[in-house]
Amino acid sequence: MDQRTPPQTEEGWYVLHDCRRVDWDAWRDAPQRARDRALADGIDFFEGYEALADAEEGQTAVYTVMGHKADLMILHLRPTMADLDAAERHFEQTEFAGYTERAYSYVSVTEASGYTEKARAYFDGEVDDDSGLAEYIQGRLHPDVPDEEFVCFYPMNKRRESDQNWYDMSFEERAAHIKRHGDIGRGYGGKVNQMICGSIGFDDWEWGITLWSDDMTHVKELLTEMRFDPSTSRFAEFGPFYVGRRFAPEALPAVLAGHRVPTDESNETVAVSDERPAHAAAADAQTAGSGHTGDADSHGQVHPGSAGEGDHPHGDDAADHPTSGAADEESDDSAARSGGRPDVSGDFEEVDDAVGRLSRLGLGEGEAYDAGDYALVFHSSADAEDLADEVSELGESFDHYDRHVTTTVRAQSGQSYVVSVWTAKEAAETAAGFLDDLDGITERVGGPLGEPNEGEADGGESDAEDGETAASSQSIREELDAEGVYAGQPHGEDVYALVVYSEADRETLADEVSGLRDAFDRYDTHVRTTIYHDTESDTTAVASLWDTEDAAGTASDYLTDLPGVVRQQGEGDGFGTMGMFYTVKPEHREDFVDKFDTVGSLLADMDGHRETVLLANHDDANDMFIASQWDSKEDAMAFFRSDAFSDTVSWGRDVLADRPRHVFLA
């Protein structure tokens, strides 16, 4: 038999499809601190590789996988085999990888073949590099991972049976099959994108096919039609199919929790407990503090960035509840990156005499803690003075979380003790992992500090609760203020407000906020997010209202990423107030502006007044926003108690279509 002529080929980027199965039992059994650390490590890896921190060219994308075959698929395209090898090994070194095992993998290289005359002309150097054909072939060799939501990957062979042997056919016969096959594929242009990779000598199959689409039924229709073409019906054999949905690296915690996730970074949404470590909280943004999972009629057949969402096939009830964090991620820098299961040390023995232990160390109820709190007592062989600075720094980090009561060092009879008190056991459990990193820890115990007072146990509004709420609000205000975000709770309301100021071009800012608002609107905790501008200056404000402080706290991460964010005038001291959502009846808009000018004149004469500006909604001129800055809270409250303010409120009842909200910002 004559030697058959193989097609000319040109290769491009090397490709790895790395399919992972999550060890769900190990994941559920791990302490929250260990999971947070693994998630942060996983997010760092995926973000770094999507940003090509490891190579000059290529692409990386991560997908969920539906069904039993795997849970995640990491797709790497890199210019060299060495790059691909490093990417694979680097992932194995992450703590997140310790909770996964490889379910399947496939190695290949992008390929273009010369079955057509035009392709052969290209391979023979007869085509200009800037021609459409050259650009098309280069696009196949160096593809961009498309934005489509769904991916379908499968390997395949051409049959080599006695009466159906692809490799025994002449070049011309094979070329005719390939042309007809290609004609079918071109009929799905705009609906399905493909990447064809050769793997002869690379893996168990001869080709790896990756298809992307916003609607998986298009993939089904394409492959169904191709099954009836002789090139498939007579000569094709297929391996396993893997179908998944793309997600942004930041959505990894939501994926592991079983929540619905967006399919594009612009749809990042917000709000988890403010007690989560910062990195994990930002990443766990999909939960929005409410467990809301999107519209009931979402069916997944959408473009990334639209409202369609879908479920990850795994997760458990426990994963749906916000959990406590206890310190900044920087505290975990010393964690081993062994590629095995993360270090889950930090456990402690629970005791029932925690009250007595704290009493012997000079810490008593009512001064150092309240009944119902939970205490950790870690013994250390290190000198107490040497521990003091390190514990002080850790305590400052803990203070970002409103369940933290106190963390201090005590010395007694030559022994050093680190005491950390929290309002809940689960918060203390997370803190234990960070305390365990201190020098010389030899013994670890923890226990409840009595029963809550009656008023707290029955849900009454005790003074302790009021103090905790106030401390929580103050803590989050201070944290957000450092990022240029003004935040607070309207008096007498359950909503929580955020405001950032920006110097960016208004139209550019409007486009950014529009996308953010669409994402926020999916969650029950979001009330509204609005752009306001001062027509007489360049001042632009973005105001966002949320049902919970936790949700607002995490939403701030996304607001501060808006372009041109700056601090408000009077930063660093003073007292700010915001009057939001003055919805004016259209026929009274000019009257309202005139009234503001009159009140502005009165404000100028008020003791401690610095500045007051009136801003209008970018999309609705009848919606107003008023921001004031004062020397002190007392100065601001003097105005709000004045007859002038009372008269203005009375007058406003006739011109406003809705009740405004006032927020005070210490």
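Predicted model, so just to flag it, every value in this text is computed and none were measured.

Reading the values: the criteria
- Residues numbered from 1 in each chain as written.
- Predicted model: local features only at pLDDT ≥ 70, side-chain atom pairs only at ≥ 80, totals over all residues.
- Heavy atoms only, no water.
- Helix = DSSP H or I, 4+ residues; strand = E, 2+ residues; numbered from the N terminus.
- Buried < 20%, exposed > 50% of the residue type's maximum accessible area, 1.4 Å probe, protein only.
- Contact = heavy atoms within 4.5 Å.
- Areas by Shrake-Rupley, 256 points an atom, 1.4 Å probe, with all protein chains shown as cover.
- Pairing = 2+ DSSP bridges.
- Core = buried A, V, L, I, M, F, W, Y, C linked by side-chain atoms within 4.5 Å.
- Expected span 1.5 Å × (residues − 1).
- Polar contact = N/O pair within 3.5 Å; in protein donor to acceptor, adjacent residues only side chain to side chain.
- pLDDT = per-residue confidence, 0-100.
- Phe/Tyr/Trp six-rings, centres within 6.5 Å; stacked < 30°, edge-to-face > 60°.
- Lys NZ or Arg CZ within 6 Å of the ring centre and 35° of its normal.
- Lys, Arg positive; Asp, Glu negative; His and termini not counted.
- Salt bridge = Lys/Arg side-chain N within 4 Å of Asp/Glu carboxyl O.
- Axes fitted to C-alpha atoms, helices over the stretch in contact; angles between N-to-C directions.
- Patch = residues over 30% accessible without salt bridge, like charges linked within 9 Å, V, L, I, M, F, W, Y side chains within 5 Å.
- Charge placed at Lys NZ, Arg CZ, Asp CG, Glu CD.
- Parallel < 35°, antiparallel > 145°, perpendicular 65-115°, else oblique.
- Left-handed = near helix turned anticlockwise from the far one by under 90°.
- Nonpolar A, V, L, I, M, F, W, Y, C, P; charged D, E, K, R; others polar.

Structural notes on the overall build of the protein chain
Next, step 1: The secondary structure content of the protein chain amounts to 20 helices and 23 strands.
Next, step 2: Expressed as a percentage of its 666 residues, the buried residues of the protein chain come to 51%.
Next, step 3: Across the protein chain, contacts joining residues at least 24 apart in sequence account for 76% of those joining residues at least 6 apart.
Next, step 4: Accessible surface, the protein chain as shown: approximately 29,900 Å² in total, 44% of it carbon and sulfur.

Things to note about the pairing of strand 7 (residues 207-213)
Next, step 1: Of all seven residues making up strand 7, seven are buried, and the element is well covered by its neighbours.
Next, step 2: Along strand 7, one buried face is formed by Trp207, Ile209, Leu211 and Ser213 and the opposite face, lined by Gly208, Thr210 and Trp212, is buried too.
Next, step 3: Pairing between strand 5 (residues 150-158) and strand 7: seven bridges, direction antiparallel. Among the inter-strand pairings, phenylalanine 153 is bridged to a residue of strand 7, identified as threonine 210.

Thoughts on the nonpolar core
Next, step 1: Membership of the largest hydrophobic core comes to 27 residues, with the highest contact counts inside it found for Phe46, Phe96, Phe247, Leu252 and Leu256.
Next, step 2: Looking at this core, the elements with two or more residues in it are helix 1 (24-29), helix 2 (32-50), strand 3 (72-78), helix 3 (81-92) and helix 9 (252-257).
Next, step 3: If one sorts the elements of this core by residue count, helix 2 sits on top with seven residues.
Next, step 4: Setting aside chain neighbours within four positions, we find phenylalanine 247 in contact with Glu50, Val62, Tyr63, Thr64, Leu72, Leu252, Val255, Val261 and Pro262.
Next, step 5: Counting residues in hydrophobic clusters, the runner-up holds 21 residues, among them Ala382, Phe398, Ala428 and Leu435.

Concerning helix 16 (residues 506-520)
Next, step 1: Over its 15 residues, helix 16 extends 20 Å from the first C-alpha to the last, a length consistent with the 21 Å expected when each residue adds 1.5 Å.
Next, step 2: Listing the buried residues of helix 16 in full gives Leu509, Ala510, Val513, Leu516, Ala519 and Phe520.
Next, step 3: Lining the buried residues of helix 16 we find strand 16 (496-502), strand 17 (526-533), strand 18 (540-546) and helix 17 (549-559).
Next, step 4: Regarding helix 16, its N-cap is aspartate 505, as a side-chain oxygen of that residue lies 3.2 Å from the backbone nitrogen of glutamate 507 further along.

Comments concerning unusual backbone geometry
Negative phi characterises most residues that are not glycine, and trans characterises most peptide bonds.
Next, step 1: At leucine 52, a position not held by glycine, the phi torsion is positive, near 60°.
Next, step 2: Structurally, leucine 52 can be placed in the loop between helix 2 and strand 2 (59-65).

Considering helix 13 (residues 425-435)
Next, step 1: Among the 11 residues in helix 13, eight count as buried, and that is most of the element.
Next, step 2: Inspection of helix 13 places Ala427, Ala428, Thr430, Ala431, Ala432, Gly433, Phe434 and Leu435 among the buried residues, and these make up the whole buried set.
Next, step 3: In the core, the buried residues of helix 13 are packed alongside helix 2, strand 11 (374-380), helix 12 (384-398), strand 12 (404-412), strand 13 (415-422) and strand 14 (441-448).

Overview of the confidence of the model for the protein chain
Next, step 1: Looking at the protein chain as a whole, the pLDDT averages 76, with 74% of positions reaching at least 70.
Next, step 2: Residue range residues 263-345 is modelled with pLDDT below 50. Its contacts to residues more than four positions away, or to other chains, number 244 contacts.
Next, step 3: Confidence drops under a pLDDT of 50 for residues 568-572, and excluding neighbours within four residues, the segment shows 13 contacts in the predicted structure.

Topic: the packing of aromatic side chains
A ring pair, where both rings are aromatic, is described by two values, the distance of the centres and the angle of the planes.
Next, step 1: Counting across every chain of the model gives 20 aromatic pairs.
Next, step 2: Aromatic side chains tryptophan 27 and tyrosine 99 sit 5.0 Å apart centroid to centroid with 90° between the ring planes, which places their arrangement in the edge-to-face category. Of this pair, tryptophan 27 sits in helix 1 while tyrosine 99 sits in the loop between helix 3 and strand 4 (100-113), and the two are 72 residues apart along the sequence. The burial state of tryptophan 27 is the same as that of tyrosine 99; both residues are buried.
Next, step 3: Lying over the aromatic face of phenylalanine 238, arginine 227 brings its terminal NZ or CZ to 4.2 Å of the ring centre.

Details of the side chain of arginine 246
Next, step 1: Note that arginine 246 resides in strand 9 (residues 242-246).
Next, step 2: We note that arginine 246 is buried and unpaired, the nearest opposite charge coming from glutamate 50 at a distance of 4.0 Å.
Next, step 3: A distance of 3.5 Å separates a polar side-chain atom of arginine 246 from the backbone oxygen of proline 146.

So, the pattern of salt bridges
Next, step 1: All told, the structure shown has 20 salt bridges when counted by the stated rule.
Next, step 2: In this structure, the salt-bridge partner of arginine 102 is glutamate 88, at a minimum N-O distance of 2.8 Å. Taken as a pair, arginine 102 in strand 4 and glutamate 88 in helix 3 lie far apart in primary sequence, 14 residues in all.
Next, step 3: Here arginine 186 ties to aspartate 183 by a salt bridge, and the two come within 2.4 Å at their closest N and O atoms. Linking arginine 186 with aspartate 183, this pair stays in helix 6 (residues 171-186), spanning three residues, or about one helical turn.
Next, step 4: Residue classification places arginine 186 among the exposed residues on the basis of a relative accessible area of 58%.
Next, step 5: Aspartate 183 sits in the partly exposed class, given a relative accessible area of 37%.
Next, step 6: Through salt bridges that share partners, Asp18, Arg20, Asp85, Glu88, Arg89, Glu92 and Arg102 make up one connected network.

Focus on the sheet that holds strand 10 (residues 349-350)
Next, step 1: On the basis of which strands lie adjacent, the open sheet formed by five strands has the order 10-14-11-13-12 and mixed pairing. Since the sheet does not close on itself, it has two edges, and those belong to strand 10 and strand 12, each with one partner.
Next, step 2: In terms of strand pairing, strand 10 meets strand 14 through two bridges, oriented parallel. Within strand 14, the residue paired with glutamate 349 across the bridge is valine 445.
Next, step 3: The sheet strands contacting helix 12 are strand 11, strand 12 and strand 13, and the helix crosses strand 12 at an angle near 175°.
Next, step 4: In the packing of helix 13 onto the sheet, contacts are made with strand 10, strand 11, strand 12, strand 13 and strand 14, and the angle to strand 11 comes to roughly 20°.

Some points on a negative patch on the surface
Next, step 1: Together, Asp383, Glu385, Asp386, Asp389, Glu390, Glu393, Glu396, Asp399, Asp437 and Asp439 make up a region of like negative charge exposed at the surface.
Next, step 2: Position of glutamate 393 among the secondary structure elements: in helix 12.
Next, step 3: The class of glutamate 393 is exposed, set by a relative accessible area of 59%.

A closer look at the environment of arginine 246
Next, step 1: When its relative accessible area of 16% is taken as the criterion, arginine 246 is described as buried.
Next, step 2: Residues arginine 246 and proline 262 lie 16 residues apart in sequence; the distance between their C-alpha atoms is 8.6 Å.

Some points on the environment of glutamine 164
Next, step 1: Checked against the element boundaries, glutamine 164 lands in the loop between strand 5 and helix 6.
Next, step 2: Expressed as a C-alpha distance, the spacing of glutamine 164 and phenylalanine 235, which sit 71 residues apart in the sequence, is 6.3 Å.
Next, step 3: Of note is the side chain of glutamine 164, whose polar atom sits 3.4 Å from the backbone oxygen of arginine 234.

With respect to the packing of helix 2 against helix 3
Next, step 1: Running from N to C, helix 2 and helix 3 point in directions that differ by 165°, and their axes come no closer than 10 Å. The angle between helix 2 and helix 3 falls in the class roughly antiparallel. Considering how the two elements wind past one another, helix 2 and helix 3 form a crossing that is right-handed. Of the residues in helix 3, those touching helix 2 at Phe45, Phe46 and Tyr49 are Ala86, Ala87, His90 and Phe91.
Next, step 2: Within the contact of helix 2 with helix 3, the residues separate by chemical class into six nonpolar, one polar and no charged.

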